[in-house]
Amino acid sequence: MSEIEELSQFLTLDMRIDVKAVALQQTLGLTGTTDGRHLLINTPCIVKNLCQLLSDNQTSIAKDASLALINLSADEEIVPALLAEATNIVEHMLKIISNPEHILADPACMVLSNLTRTKLGSEKVFQSMEGNLDKYVDIFCQEKYNKKGARLHYLASVLSNLSQLPAVRSYILDPSRSCLQRLVSFTDYKDSISRRGAILGLIKNCCFETDHHEFLLSEAVDLLPKLLIPLAGPEEFDEEDNDKLPIDLQYLGEEKTREPDPDIRKMLLEALTQLCATKFGREYLRSKNTYVILRELHKWEKNENNLVVLEHLVNILIRFEHEIGHDNLKEVEVPDEIIEKFNALEPAL
């Protein structure tokens, strides 16, 4: 029996606390190196035992077990082994997240966030949700769902990663559900950059579905103001320009500030760019005077990467439709300065 196999025998709920604590510290140390992680993943029962220790009555034991699982799941090379049916790791994490009394809901979200960065992980998690993504959207949208202080911000990353899958995007974009309508309210969420950034990633992925642009821009979802408000500043417009803006963007006030994170501003601009892939989207954005918000943003924006995306977007909006000549820019070959961004922004895995 190898030393690692011997170590695994001490990682059980009924083991003496002092012995278990020492074994867990050694295990946690091994998760900090590539070689250590590979040794652990190739040892039967290690992951299964760590999952069981999440229910240990000793809080320090349960927390260390969760840290070990976070470290293991962060290594994409061993994710397939982690997802093996014998570990039941995904089911363990979903059960913890669903339990409003569990103190480890945040670490469980982090483990699933790591696992769903891969396509295989996303498929396994979505499958394990058993077609009930609404349940986890509901949990996410209840800010005080967990009674032990877990904020569940990383559940946003799980949902965003899952939106890499066409099946998940179809689920989210189903007009008979209210998934997307509930999630778009977090685009301007002040208390967590990870929460609003991840939800914007999900929204951006959904914007690739050109057949759903009318739904995305309809009153049911009302996506355009949700994307423009974080990009808008305190500038005042004349009455004519102001009246053309969506009602939520009129008279924002002198205290209004823009989204401070440049990566999130870039995602907002990329989502708007995707909406311009269709003639309907372009005409709708023009009709809502999107240009004036982007014009003022251009004066303010200092990030060079964002300026490139912004200028591409403005270039599309200021053209006449007869100059563009096509309903859907993603279905035809058009000038490089218009289309190149669409090809570069496929939903990321």
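Residues numbered from 1 in each chain as written. Predicted model: local features only at pLDDT ≥ 70, side-chain atom pairs only at ≥ 80, totals over all residues. Heavy atoms only, no water.

To keep things clear, this is the line we draw: UniProt positions are given in the numbering used here, feature names are shortened, and annotations may be inferred rather than shown by experiment.
For the protein, the name recorded in an unreviewed UniProt entry is Protein HGH1 homolog, with Daphnia sinensis as its organism. Regarding the protein, the relevant UniProt record gives this comment under Sequence similarities (unreviewed entry): "Belongs to the HGH1 family."

Some remarks on unusual backbone geometry
Here is the rule: In this text, helices come from DSSP runs of H or I with a minimum length of four residues, and strands from runs of E with a minimum of two, each type numbered from the N-terminal end.
Unusually for a residue other than glycine, Asn 88 sits at a positive phi of about 55°. With respect to the helices, strands and loops of the structure, Asn 88 is situated in the loop between α6 (79-82) and α7 (89-98).

Considerations on the side chain of Thr 31
Our working definition: As used in this structure description, the phrase polar contact means that two N or O atoms lie within 3.5 Å; if the pair is within protein, one of them must be able to donate a hydrogen and the other to accept it, and residues adjacent in sequence are counted only when both atoms belong to side chains.
Looking at the element boundaries, Thr 31 is found in the loop between α2 (17-30) and α3 (34-41). A polar contact is formed between the side chain of Thr 31 and the side chain of Asn 71, at a distance of 3.0 Å.

Let's talk about the pattern of salt bridges
Threshold: We define a salt bridge as a contact between a side-chain nitrogen of Lys or Arg and a carboxyl oxygen of Asp or Glu at a distance within 4 Å. For each residue, the accessible area found with a 1.4 Å probe, counting protein chains only, is set against the maximum for its type, and the residue is called buried under 20%, exposed over 50%, and partly exposed in between.
Enumeration according to the criterion identifies 18 salt bridges in this entry. One salt bridge in this structure joins Glu 101 and Lys 148, with 3.9 Å as the shortest N-O distance. Here Lys 148 lies in the loop between α10 (133-141) and α11 (154-162) and Glu 101 lies in the loop between α7 and α8 (105-115), a separation of 47 residues in the sequence. Looking at Lys 148, the relative accessible area reads 48%, which means it is partly exposed. Put simply, Asp 138 and Arg 182 hold a salt bridge, and the shortest N to O gap is 3.1 Å.

Some points on the environment of Leu 245
Stated formally: Here, residues are in contact when the closest pair of their heavy atoms is within 4.5 Å.
Following the sequence through the fold, Leu 245 ends up in the loop between α17 (239-244) and α18 (262-275). With a relative accessible area of 4%, Leu 245 lands in the buried category. Along the chain, Leu 245 and Val 47 lie 198 residues apart, while their C-alpha atoms are 54 Å from each other. With residues near it in sequence (within four places) discarded, Leu 245 still touches Phe 237, Gln 250, Lys 288, Asn 289, Val 292 and Ile 293.

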